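Per-entry structural report
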Amino acid sequence: MSHEQTLRPLSRVLLAGASRGAGTSSAVLGLLAVLKRKGQSVAAARIGHGLVETTFHRRVIGRLSHSLDPWILSLPQLLDSLGTLSLGTDLLVIEGDIGIFDSYQADAAVKNLADFALLTETPVILVVNAKQYAEGIKALVSGFINYDRELKFAGIICSHILDDKHEQVIRRAVESLGSIPYLGSIFIGDSDLLAGKEYGRAPAVPSLISRSKIVHAADLVERGVDVGQVRSIADAAPALKLAFPPKINAQRRVRIAVADDAAFHLTFQNNLDILRSEGAELVPFSPLADQKLPARIGGIYLPSGYPHLYAQDLQNNANLRAEIHAFASGGGTLYAEGTALAYCCKQLQLTSGDIYEMLGILPGLAKSNFPESESARLALVEVSSFEETVISHVGSKFRGLRDLRFHVRLEDKVLSCFQILDPSQGSSVTTEGLSPHSNTICTSVLAHWGANSGMAKTFIEAAAMQVIGQ
């Protein structure tokens, strides 16, 4: 850290699983819902790039949840995001994405969740799936306590507790260790799972969760977990050490229309906070339901989502499709990411062979590579811009997620602006980032603007010029 270090008071806690499938998402979702019930102002974040989980957080707490991905973001950028989340909140709850001691990629900002906790001085609550354990849970928990003596667990929550008898056995076993506070149990039986595919999600829309499931998760946590003690642990966290103070939102410069409905809502929510801090007023709209674009906008932000599941509805909304097409064709600033790339095409084809009319901004067909009932592969990628775009300058670099659901077949030549490197595929580079107009960029990559904050400034400048010219 530099000598210009700023201290920011922030009650915070990290819930991290002993492994994947520990029940961390269930515990966090329920905890957030209970805290909201109690009238507390709570913020949330997730280590890693789980767009579905941050969407859950947002729906529960009513504010944006950040993705703190240690491969996409540098350590200063991670801290910058934490600083942003500290504004206007009583408490920050952070969800770990993998096991507490499992390793990230070699070039990540932190080596694992334990390293993140130590570097940020964030108290850690260990979440353990106790379903298959009885007294033997002592050996498992003891192993985690002693694995890294530098990391001191602030408490433990055991999930997948089957009944009261099972809970008593697990509680006595852990408490007999005398070295980690037992904060409570989450009772979840085989038919009542709140994790994985049974997490209350629609089969093909994993980011949609019913209100009843959120309420149920809150009931489970409120019944079995000492939420007051969790809050006390968070309050004991030392002030967060930042290299610079959190940025206060700049004066409003331009209105940006952001698609937000069942078809389009998956994005790094950090991007929206960054846009606001740089002077954008964000105005939500629905490509499914709205007949007109919001008034007095300078730009459109189309997040990723599920156009393949709502293709008929999107086609039927001809009025809005025509408005978006006219906006982009007339020089309006438009950014489309992930599966919104397909929405920008002339047509979208499902694996069934059915074809639907889309925006027509890109002259071509987006063909689905995966059955609509299956999730597409997401790849962590590095992107270099070799053309000027509304989000990047020549030589700009950023990282993000690439959604591989659709393959675009262009009928006419369109300027490509990005070189995309997928480290998991060796040194092969893909050319993409389609720009049919100077103020439009459509890409399968969901860029994390926290990895290059200049992207938001560039987008706002382009959008503000469009409004001025009207």
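Note that the structure is predicted; figures quoted are calculated from it, not measured. (Residues numbered from 1 in each chain as written. Predicted model: local features only at pLDDT ≥ 70, side-chain atom pairs only at ≥ 80, totals over all residues. Heavy atoms only, no water.)

Focus on the overall build of the protein
Under the convention used in this document: Counting from the N terminus, the helices are DSSP H or I runs at least four residues long and the strands are E runs at least two residues long. The globule rule used here is 2.2 Å times the number of residues to the 0.38 power, and the radius of gyration it is set against is calculated over C-alpha atoms. What makes two residues a contact is simply this: any of their non-hydrogen atoms within 4.5 Å. Using the Shrake-Rupley algorithm and a 1.4 Å probe, accessible areas are obtained, with residue cover drawn only from the displayed protein chains.
Helix and strand counts for the protein stand at 13 helices and 27 strands. Taking 23 Å as the expected radius of gyration for a compact globule of 470 residues, we find that the protein reaches 23 Å, a close match to that expectation. Dimensions of the protein along its principal axes, counting C-alpha atoms only, are 70 × 55 × 45 Å. Taking contacts inside the protein between residues at least 6 apart in sequence as the whole, the part at least 24 apart equals 76%. Entry remark: accessible area of the protein is about 18500 Å², with carbon and sulfur atoms responsible for 50%.

Describing the packing of aromatic side chains
Short version of the rule: Between the rings of Phe, Tyr and Trp (Trp by its six-membered ring), a pair exists once the centres lie within 6.5 Å; its type follows the angle of the planes, with under 30 degrees stacked, over 60 edge-to-face, and the other angles tilted. Remark: exposure states derive from per-residue accessible area (1.4 Å probe, protein chains only) relative to the maximum for the residue type, with buried under 20%, exposed over 50%, and partly exposed in between.
Under the counting rule described, the total for this entry stands at 10 aromatic pairs. Here F264 and Y343 contribute two aromatic rings whose centre-to-centre distance is 4.9 Å and whose plane-to-plane angle is 40°, an arrangement assigned as tilted. Separated by 79 residues along the polypeptide, F264 in strand 13 (residues 264–266) and Y343 in helix 12 (residues 340–344) bring together distant segments of the chain. Judged by its relative accessible area of 0%, F264 is buried. Looking at Y343, the relative accessible area reads 0%, which means it is buried.

Some points on the environment of S438
Looking at where S438 falls in the secondary structure, it is placed in the loop between strand 25 (429–435) and strand 26 (440–443). Note on S438: relative accessible area 63%, which makes it exposed. Counting along the chain gives 107 residues from S438 to G331, while the straight-line C-alpha distance between them is 7.4 Å.

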